[in-house]
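Structural overview for review
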Amino acid sequence: RMIMPRFFVCVFLVAACLWATGACAGRSPFNMGTTLQQVADHKQDALKIIAQATQASKGQSYNRLATFTDTFGARISGSDRLEEAIDYVLGELRTEGFENVHTENAQVPHWVRGNEYVRMVTPQQGKPIAMLGLGNSVGTNGVVLRAEAIVVRSFDELRQRALLNETQGKIVVYNQYCNWTAYPDSCYGMSIGYRDDGANEAARAGAIASLTRSVAAFSIYSPHTGMMTYDSNVKQIPNACITIEDAEMMARMQARGQPIVLEMYMEAKTLPMRTSRNIIAEIVGSKYPEEVVLVGGHIDSWDVGQGAMDDGCGAFISWEVLTLLKQMGMRPQRTIRLIMWTCEEFGGFGGAQYFNAHKSNISLFDLVMESDMGTFVPTGMEFSGTPEAQQVMAAVGQLLAPINATKLVTGGGGTDIDLWIGAGVPGASIHTNNQRYFWFHHSNGDTLDVLNPREMDLCSAVWAVYAYVVADLDAMLPRNSV
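Quick notes on the rules
- Residues numbered from 1 in each chain as written.
- Predicted model: local features only at pLDDT ≥ 70, side-chain atom pairs only at ≥ 80, totals over all residues.
- Heavy atoms only, no water.
- 1 Å grid on protein atoms, 1.4 Å probe; cavity = no way out; pocket = protein on both sides within 12 Å on 5 of 7 lines; lining within 4 Å.
- Points joined across faces, edges and corners; volume = space filled by probe spheres on them.
- Helix = DSSP H or I, 4+ residues; strand = E, 2+ residues; numbered from the N terminus.
- Nonpolar A, V, L, I, M, F, W, Y, C, P; charged D, E, K, R; others polar.
- Phe/Tyr/Trp six-rings, centres within 6.5 Å; stacked < 30°, edge-to-face > 60°.
- Lys NZ or Arg CZ within 6 Å of the ring centre and 35° of its normal.
- Axes fitted to C-alpha atoms, helices over the stretch in contact; angles between N-to-C directions.
- Parallel < 35°, antiparallel > 145°, perpendicular 65-115°, else oblique.
- Contact = heavy atoms within 4.5 Å.
- Pairing = 2+ DSSP bridges.

Glancing now at the layout of surface pockets. Its volume calculated, the largest pocket comes out at about 1200 Å³. Forming the boundary of the largest pocket are 41 residues, of which Tyr 188, Met 373, Asn 434, Tyr 437 and Phe 438 lie nearest the centre. Of all elements in the fold, only helix 7 (187–204), strand 14 (378–384), strand 16 (427–432) and helix 13 (437–440) reach the threshold of two or more residues within the lining of the largest pocket. Top element by residues in the lining of the largest pocket is helix 7. It accounts for five residues. Broken down by class, the residue content of the lining of the largest pocket amounts to eleven nonpolar, 19 polar and eleven charged.

If you walk through the whole model with that rule in mind, you get 19 aromatic pairs. The rings of Phe 68, Phe 72, Tyr 88, Phe 316 and Trp 319 are connected pair by pair, giving a single aromatic cluster. Arg 64 extends its terminal NZ or CZ atom over the ring of Trp 319, reaching a point 3.9 Å from the ring centre.

Glancing now at the packing of helix 3 (residues 43–56) against helix 9 (residues 308–328). At a minimum axis distance of 10 Å, the contact between helix 3 and helix 9 shows a crossing angle of 110°. On the basis of their axis angle, the class for helix 3 and helix 9 is roughly perpendicular. Across the interface between the two elements, Lys 48, Ile 49, Gln 52 and Ala 53 from helix 3 touch Leu 324, Leu 325, Gln 327 and Met 328 from helix 9. For the contact of helix 3 with helix 9, a count of residues per class yields five nonpolar, two polar and one charged.

It is worth spelling out the sheet that holds strand 10 (residues 269–283) at this point. Strand order in the open sheet made by the eight strands is 1-10-12-11-13-16-14-15, with mixed pairing throughout. Each of the sheet's edge strands pairs with one partner strand only, and the pair in question is strand 1 (99–112) and strand 15 (407–410). Shown here is a sheet whose adjacent strand axes are inclined to one another by a mean of 25°, direction ignored. In this fold helix 10 (residues 349–358) packs onto strand 1, strand 10, strand 11 (288–298), strand 12 (334–341) and strand 13 (365–370), with an angle of close to 135° to the strand it touches most, strand 1.

Below, the structure written as structure tokens:
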């Protein structure tokens with residue numbers, strides 16, 4: 001092996017330290033006044049990007065997503081369909097001529113729904129109850145469960161009725177309620193505990209299965225699936241979601257004193273972990289190629305609908321960032337890296353494994369951006385970072401005044417970037433008028449028709465302006481050490 005003289009080792013280490021702190025190549029430390037002026041100097045670049053996204057390349061991201069979702073449809077973790085979709089995108093990115101196009105492996109869960117149904121025996125004999133098994137649920141072990149149902153509004157009510165010996169051997173129906181009109185930003189978080197933990201609480205109460213009112217802001221008889229987990233110290237019982245309408249109907253029946261008997265059948269099972277892949281492509285920076293602004297969304301989806309809104313559109317506006325810049329011949333000083341994460345829906349496995357693989361270079365990640373709440377009319381950006389970084393991001397937002405997307409809201413994040421943010425890297429997510437997001441979320445209604453080509457163009461413009469301007473500043477965004 002080659003052994004370097006001590007002098008050259010010292011020179012190398014000093015040079016590396018200077019490069020890592022941004023003091024080489026004539027770069028000065030972060031200065032707010034200088035940085036804000038540089039942001040303002042990008043006004044024409046921002047206008048050019050907006051025009052390209054909304055005029056010259058009008059409908060580009062939507063049409064590309066249409067082809068993708070119509071061809072591959074739902075793409076659940078562990079499925080062949082997801083891997084086929086990854087292969088397709090990988091080929092398209094290579095054809096488009098981006099740099100460093102590749103995949104990185106991730107081990108992911110593989111849950112299979114199988115056939116399933118719930119139907120009422122009494123009082124409406126034979127009535128089908130629209131349902132979707134919840135991810136990670138066990139099946140009914142090849143038999144049809146038949147039992148009386150008990151409807152509860154809360155875990156507290158379930159525990160009280162368990163004390164009265166009213167839950168043993170029953171099917172628990174959770175009819176939790178949240179006023180989405182009054183709490184549009186918090187109802188999801190306030191309600192998913194019943195989806196996540198409902199089976200555990202029902203099992204502790206002696207129930208043989210559980211059904212949960214869908215966590216949704218609106219329903220036209222549509223069940224909405226999602227993840228659940230089992231506690232290791234309770235019996236695993238089958239768990240599914242049902243529609244708001246049927247949960248309310250059974251609550252009314254119970255209030256009238258009508259006995260409710262249900263039959264339930266599920267073939268759900270969990271198979272061994274499988275290798276999937278995160279997709280990566282880049283526009284390499286012209287001056288600081290090792291420093292990265294990351295833009296992404298997740299390529300997997302649930303096994304219902306098309307996964308267009310959650311999260312095909314987020315992944316594809318991230319892809320569009322690279323496409324727009326390449327079409328205009330714009331190369332920022334830093335690298336802009338596209339990542340399409342695998343297995344976000346089943347616990348963020350792709351995002352977590354990407355973080356673990358690259359966290360040793362965390363000082364080189366300038367900004368991480370994830371779009372995973374739909375591409376409705378954009379109003380600006382959600383951001384997590386220091387006050388100084390917020391000031392810079394707010395200035396970038398002002399460049400989007402021509403499309404009324406200047407708002408900067410505290411609290412950006414997402415399943416696939418939260419680990420980065422927790423480690424001190426500034427993080428952002430697009431802010432839109434997404435009041436309809438939970439109408440379609442995790443349901444058969446998540447199809448391309450939910451999206452609007454013009455709105456996707458505007459979101460692409462917002463995403464690209466932020467990514468490009470931040471990547472082209474002389475200094476990285478300020479951050480706190482963790």
